[in-house]
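Okay, here's what each chain looks like letter by letter:
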Amino acid sequence: FAAMSWEFNIPVCVADLVKPGGMGQYVVQDVQMPKDLPSCLKSFKAAMRSQGPLCILEHFDTVYMIRGFSVALPSLLLSGSLSAVDRRHHLNAVKMGVFLLCKLTESLESDSYRQSIVTAPGKGSKKSKSGSEGMVQWDSERYTVLLSLTQLLQLDIRPLWSLSLVEEEFVSCVTCCCYKLLENPHISHVKSKPARDSIIHLLGVMIKKYNHMLGARVKVIQLLQHFEQLAGVCAQAVASWSSEFGIKAIVGEIMREIGQKSSEELSREGSGVRAFSGFLSELSTLVPDVMIPNVSVLLTHLEGESPSMRVAVCEVLGEVLVRVLSGDKLEDSARADRDRFLDTLQEHIHDTHSHVRARVLQVYTRIVNSKALPLCRYTEVMELAVGRLGDKSVNVCKSAIQLLAAFIAHNPYSCKLSSADLRKPLDKEMAKLKEMKDKVKEKTPGEPPCNVAVPLTETQVEEHPPTSTQIQMEDILDDGELKKQEMLVQYLKDTESFALQVERTISIINNLLYWKTTTVVQEAVQFCVTVCEFSVADSLSGVRKMLPLVWSADTSVKESVLHAYKRLYLNPQGDSTRAKAQTLVDSLSALMVDASLGTIQCLEEIVKFFGCDGVLQSSVVQVLWERFSGKRETSNLHRRAAVLLLGMAARAEREVILSNLDTLCSVALEENVTEDYLLARDTVLSICNITDHVRQSKASPFRLPMDHQLFSYIYLWSPVLGVILTDPQWQSFMEQAVRLIYFLSESPDVLCSHLLQRSTRLLLEQINENREKNKVQVAETNQSQDPTQDLEQSEQGELLLSLCGCVAFWQVSYLERSVSTELRRRRGEREQKEEAKGPESSNDSCMEEELGLTGASAEDTEAELIRKICETELLSGEVFVPVLVKVCSSPGHYPHPQLTTAACLALSQYMMISPGMCMDHIRLLFTVLERSPLPIVRANAIIALGDLTVRFPNILEPWTPNLYARLSDDDSSVRLTAVTVLTQLVLKDVLKVKGQVSEVAVLLLDPEPHIASLALNFFNELAAKDNAIYNLLPDIISRLSDPQRGMNEEDFNTIMKQLFSYITKERQTESLVEKLCQRFRTAKTERQWSDLAVSLSLLSMCERGFKRLQECWECYSDKLTEPGVYQPLLSIAAKLRRGAKQQFKVEKCPYVPLFKLLPQIFWSPYEYNSLLFAVDDSDLMTPKQQKHSQRRPRKPITFSSDEEEEGDYAHLCFYLLVQLHNLFGAFYFKQNLLTCLQTYFFLQLPAAMPAGDFL
């Protein structure tokens, strides 16, 4: 070693070691053959044992040949003073060892990566075991190598170099090895965490001790540009270098490097932009405080074109605001930065890119959840979030809902937000503030401020000799109280304003509960739960509105609703089981109060679901019985809610009601039934839940005998008394009572016939009593007047007619459901018994088959029997039908509108009995529908006709146009009923969808928002059917553009824009282009041409569609003289040119000038120039994206002279003539354009071009 005069220099590449170098530079000279390696290795091992690490100075050539193996490096260097020779020995040994270790590591890493690609398992195959052994071995050794390098470089080895200046090549050798390891695709995985942390720590040492900051900055940027998956790793590394090693400057250097990237550079780096974005976002979560001084260099990207970079910058601002610039103890500079960052975020709530808008709202959600948003900005930010609820992007809408929920959950104002409750204390405190201000004014009227001395009179001094100190103290106290009161009033005002804004938000989000996107609906459901938990005014509206979603076909939506109700109502607070049950009952009762029938049905499904799961405990049922029976004092509304909840529980377990049937009858159906018909109705509804119609049972039907006390109460007190008492709530109770009789009684027809007879007798007796009281002379009248005329003219007649119609309807239902089901069940049991008997009954069964008494023939026989009963027995001798027909056909003779309403509804129920009855009176019912002056009658007739359409579709099919005609009724309630009924009929395929649906399309612009929303829902559901709207569109366009309808253009365009949004398939677009073009031939008016052209422009035109438009040129070419046709078609070409492929642009080029030049044939030069001014060439070109979009000023059009203009105009027309001839052929040219061109030229410009030259 003493004679060593060479120095080892780190080469750029391994191959440079065998090339001759400069003076005193080490070169590999002894290149061994592979067969000699074993012996060389033995000598190297022996030297290693005897000489230690310095043996590499003599055996480097051997290790160079076997650079596929790892070499141990020294973990400790000699301390103290070193001679020049020893320093050189150790320096060369360190450089040789580090170089070999780094190069071997890079080589093994490359081989491992290649092997992982080659041996990667394919689909359905297993990974090769032999191929993965080497990878596993290197994975286990990688951490050891990194640990050795770290242990060496953590030592202070810089004195080995001259002047302690470590050469750049040595640093690059180590760092390049580290960066090579970072390029491993699996470095970010959890299993690679030890190796990843070692690499980061080693690079931190190199930056701290070996001046690698500049190289690290460049290399981090390069890694992000080429390896998108390293965004998180690089952020972790930079954060570690900043916090653990104190190298905070590198954060600013990298941020400045990213901030200096131009939009052009970022547009060329697809994955690099995403990596930069992820890096900045991740870094902001790790070291937000270090990023603050350099945030300004990133703000330039907010004006750039990359949405990913805008998102990253906004997330950086959000993290800084949450973790650094939050709290009330900020300095003035920090407060200014906070306000500036918040202003920047607010601007990007309206960003042009939906992803940016969504992420900014998410950032604000994190800020609000962290309570880092200043109170003064709550109202402004919340207003912006409410505006985003109508965003077209689903993610933006979801994020806005989440932000608004966060506002409510973390509001600093009050736990209960109700503007009505806040108004009273606000008025009280404002009055108090006014009194305090008045006292201050009275105390010092027109005086200077309180700290200025005011001279007193002698009398005042003698009576009240206050000192100056006392006066100042009183003034200070008064000012302090006044300021406190002003702050209180301002706080109450802010609270009320916030509550009002929340209430407005609720009404908007409630409409999103039926949005077409599942995730938006789920977020809206969660918002309703949050609002209800904070007792916001009108919060129950959303909870009730989401009830029908329990029937949703989407499982996720249904589960969200069930979870929401379980969270709201089935997790009560209380110290004991009874207290929890009481709270639960109170919550559900509040929801049941004033609930509609549809709401009750939805709640039945929810309570049934929880009842089956055992959530409703016996203590809850006990509390409900106590409320209903009156053991606990409660209101009638809560008693009704309790009995309805008991009925819901009975759907899961019948004994809940059946075991206490006597209690129900004695409480609600005895003599006091006339006091509260609504309680009696709800009791009957609950009892209906023990019947078989809510269960699928194959056993014999569950029915009660006719002499059961339940029917005795109904017969004696319930429906009969209502006929003569004229209670407004009686009819709803009567309908449910008759329904219960047919569901639960063994002989419902007999019982209902007795009810009708007794009701009629009591009503006639009351009429006679009224005559006697009024002292009417009835001697002659009784001899000639029919008793039915008394029924018609009495006010109570409407109730009797309603009862008879209800009985008729449920009698038919009883025959076709209960009786038919029972016949089928008995036949099945009989067939099973015959099968059990074996061959003995084979002869009898064969005879039954021949007679058609088995299988499908038997079902037909049973259906024919029931039909015959309906036509003959039910309608024979019916005395009420003539009365109903008379009242409906002569409504003007009867003064009571309720009588006409009841008669119309009862007649429709009788028409449900048989086809013959329906055909005999269908014309009368439609006459009532069209001519009745009462909206309630027309609305009821629509509902009845809808039911008849379902039952007898062939009879009602010719009358379909009359049903659609009610969509244009003058009364909004009739239109609402019509659109609801027709929606059900069409979507259930009862009515065939035809062009008459155009009447529903008109309702999209109805002034009533509810009707417009129902029409929109109709088309949303219809669009789910294959090609339904596509098939209807041509007919809808023809009907709406009919001159006789007189629809204005703006309304037509709005309707068509909505309908064409459902056309998304290219094939449908192509076909519609052809169909609409063909309709140009049959259209007669200019308005129809314009509507067709507008419809074409609303299509999402594709390349194939535009080609089809070109092929149909003959259909509309002669209509292009109309601006209403020309402008929409020109807009099609303009839209296609903006986003089309280059090849397609070239194909379109001949046609765009054609559209531009064609109007010259028929318009004057001045008209044409004005058209050119309106439609600039830039409209037909792909716009260039500019950093700051400014409207380019139009160039003014100047004319040299009219004569020159007309001459150029003639030559231009001649050029167009030739182009048309070449493009479309001679025949089409002669038939369509020649006459127009000749006429125009010869009449307008005789001197511009001689006729002979022209021809």
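Residues numbered from 1 in each chain as written. Predicted model: local features only at pLDDT ≥ 70, side-chain atom pairs only at ≥ 80, totals over all residues. Heavy atoms only, no water.

**Some details on the overall build of the protein**
Regarding its fold elements, the protein presents 62 helices and zero strands. Within the span of the protein, comprising 1255 residues, buried residues form 47% of the whole. Sequence separation of 24 or more characterises 74% of the internal contacts of the protein that already satisfy a separation of 6 or more. (Helix = DSSP H or I, 4+ residues; strand = E, 2+ residues; numbered from the N terminus. Buried < 20%, exposed > 50% of the residue type's maximum accessible area, 1.4 Å probe, protein only. Contact = heavy atoms within 4.5 Å.)

**Re the nonpolar core**
In this structure, Trp-241, Phe-279, Tyr-364, Met-546, Leu-710, Phe-1019 and Leu-1096 are the most contacted members of the largest nonpolar core, which totals 319 residues. Here this core takes 12 residues from helix α37 (residues 797–837), the largest share from any one element. Apart from the residues lying within four places of it in its own chain, the contact partners of Leu-710 are Cys-665, Leu-669, Ile-687, Leu-704, Leu-740 and Leu-744. Leu-426, Leu-433, Met-436 and Val-489 belong to the second largest nonpolar core, which has six residues in total. (Core = buried A, V, L, I, M, F, W, Y, C linked by side-chain atoms within 4.5 Å.)

**Observations regarding the side chain of Thr-901**
As for its position among the elements, Thr-901 is in helix α41 (residues 897–911). Among residues more than four places away in sequence, those in contact with Thr-901 are Ile-936, Val-937 and Asn-940.

**Considerations on the layout of surface pockets**
Of the voids in this model, the second largest pocket is the one considered here, and its volume is about 1,600 Å³. Contributing to the lining of the second largest pocket are 39 residues, with Leu-597, Glu-735, Phe-809, Trp-810 and Asp-947 lying nearest its centre. Mapped by element, the contributors of at least two residues to the lining of the second largest pocket are α25 (597–612), α33 (730–744), α37, α41 and α43 (935–951). Looking at side-chain class alone, the lining of the second largest pocket contains 17 nonpolar, 12 polar and 10 charged residues. (1 Å grid on protein atoms, 1.4 Å probe; cavity = no way out; pocket = protein on both sides within 12 Å on 5 of 7 lines; lining within 4 Å. Points joined across faces, edges and corners; volume = space filled by probe spheres on them. Nonpolar A, V, L, I, M, F, W, Y, C, P; charged D, E, K, R; others polar.)

**Comments concerning the packing of aromatic side chains**
Throughout the structure, instances matching the rule amount to 11 aromatic pairs. Aromatic side chains Tyr-378 and Phe-407 sit 5.2 Å apart centroid to centroid with 70° between the ring planes, which places their arrangement in the edge-to-face category. Here Tyr-378 is found in helix α16 (residues 378–387), whereas its partner Phe-407 is found in helix α17 (residues 394–409), with 29 residues between them in sequence. Both residues of the pair, Tyr-378 and Phe-407, count as buried. Arranged with centres 6.0 Å apart and planes meeting at 50°, the rings of Phe-1080 and Tyr-1116 form a pair that is tilted. Of this pair, Phe-1080 sits in helix α51 (residues 1066–1082) while Tyr-1116 sits in helix α54 (residues 1113–1116); the two residues are 36 residues apart in sequence, bridging distant segments of the chain. (Phe/Tyr/Trp six-rings, centres within 6.5 Å; stacked < 30°, edge-to-face > 60°.)

**Overview of the side chain of Thr-175**
If you trace the backbone, Thr-175 turns up in helix α5 (residues 168–182). Among the polar contacts listed, one links the side chain of Thr-175 to the backbone oxygen of Ser-172, at a separation of 3.3 Å. Excluding residues within four positions of it along the chain, Thr-175 makes contact with Leu-203, Met-206 and His-212. (Polar contact = N/O pair within 3.5 Å; in protein donor to acceptor, adjacent residues only side chain to side chain.)

**Examining the packing of helix α50 (residues 1049–1060) against helix α52 (residues 1086–1098)**
Where α50 contacts α52, the axes come no closer than 10 Å and their chain directions differ by 35°. Two packed elements cross with a definite hand, and for α50 against α52 that hand is right-handed. The segment α50 lies against α52, with Glu-1049, Phe-1052, Asn-1053, Met-1056, Lys-1057 and Phe-1060 engaging Arg-1087, Asp-1091, Val-1094, Ser-1095 and Leu-1098. Classifying every residue of the contact of α50 with α52 by side-chain character gives five nonpolar, two polar and four charged. (Axes fitted to C-alpha atoms, helices over the stretch in contact; angles between N-to-C directions. Left-handed = near helix turned anticlockwise from the far one by under 90°.)

**Description of unusual backbone geometry**
Phi is positive for Lys-371, which is not a glycine, with a value near 55°. Here Lys-371 is to be found in the loop between α15 (354–369) and α16. In this model, Asp-989 sits at a positive phi of 60°, which is unusual for a non-glycine residue. Structurally, the position occupied by Asp-989 is in the loop between α46 (972–987) and α47 (998–1002). Judged by relative accessible area, Asp-989 falls into the exposed class, the value being 57%.

**A word on the pattern of salt bridges**
Counted according to the given criterion, the structure contains 34 salt bridges. The residue Glu-106 makes a salt bridge to Lys-103 at a minimum N-O spacing of 3.9 Å. A residue pair is termed a helical-turn pair when its members lie 3 or 4 positions apart in one helix, as Glu-106 and Lys-103 do in helix α3 (residues 84–118) at three residues. Measuring nitrogen to oxygen at the nearest pair gives 2.6 Å for the salt bridge that ties Glu-1074 to Arg-1108. On the criterion of sequence distance, the pair formed by Glu-1074 in helix α51 and Arg-1108 in helix α53 (residues 1103–1111) is long-range, its members being 34 residues apart. (Salt bridge = Lys/Arg side-chain N within 4 Å of Asp/Glu carboxyl O.)

**Considerations on α41**
In this model α41 runs 21 Å from its N-terminal to its C-terminal C-alpha over 15 residues, within 8% of the 21 Å that 1.5 Å per residue would give. Most of α41 is tucked away, with 12 of its 15 residues classed as buried. Looking at α41, one finds that the buried residues are Leu-899, Thr-900, Thr-901, Ala-902, Ala-903, Cys-904, Ala-906, Leu-907, Ser-908, Gln-909, Tyr-910 and Met-911. (Expected span 1.5 Å × (residues − 1).)

**Things to note about the confidence of the model for the protein**
When pLDDT is low, close inspection of the predicted coordinates is not appropriate. Summarising the model, the protein shows a mean pLDDT of 75, and 72% of its residues fall at 70 or more. Taken element by element, the protein is modelled with least confidence in helix α58 (residues 1165–1174), mean pLDDT 39, and with most confidence in α15, mean pLDDT 92. Contacts from residues 64–80, a stretch scored under 50 in pLDDT, to residues over four places away or in other chains number 38 contacts. Considering only residues more than four positions removed or in separate chains, one finds that residues 121–131, a stretch of pLDDT under 50, has seven contacts. (pLDDT = per-residue confidence, 0-100.)

**Digging into the packing of α37 against helix α40 (residues 880–889)**
The contact between α37 and α40 brings their axes to 11 Å, and the two run at 120°. One finds that α37 runs oblique with respect to α40. α37 and α40 meet at a crossing whose hand is left-handed. Here Leu-800, Leu-801 and Cys-804 of α37 come into contact with α40, specifically with Phe-880, Val-883 and Leu-884. Among the residues forming the contact of α37 with α40, the class breakdown is six nonpolar, no polar and no charged. (Parallel < 35°, antiparallel > 145°, perpendicular 65-115°, else oblique.)

**Describing the environment of Phe-926**
Tracing the backbone through its elements, the reader meets Phe-926 in helix α42 (residues 915–931). Separated by 33 residues in the primary sequence, Phe-926 and Trp-959 have C-alpha atoms spaced 8.3 Å apart. Sequence-distant contacts of Phe-926, defined by excluding residues within four places in its chain, comprise Leu-945, Leu-956, Trp-959, Asn-962 and Leu-963.

**Comments concerning the environment of His-708**
If you trace the backbone, His-708 turns up in the loop between α30 (677–687) and α31 (709–716). With 37 residues separating them along the chain, His-708 and Ser-745 place their C-alpha atoms 8.8 Å apart. A polar atom in the side chain of His-708 sits 3.0 Å from the backbone nitrogen of Leu-710.

**A short note on the state of the cysteines**
Using the criterion set out here, one finds zero disulfides in the structure. Between Cys-752, a free cysteine, and Cys-806, which holds the nearest cysteine sulfur, the sulfur-to-sulfur gap is 8.1 Å. Judged by relative accessible area, Cys-752 falls into the buried class, the value being 1%. (Disulfide = S-S within 2.5 Å.)

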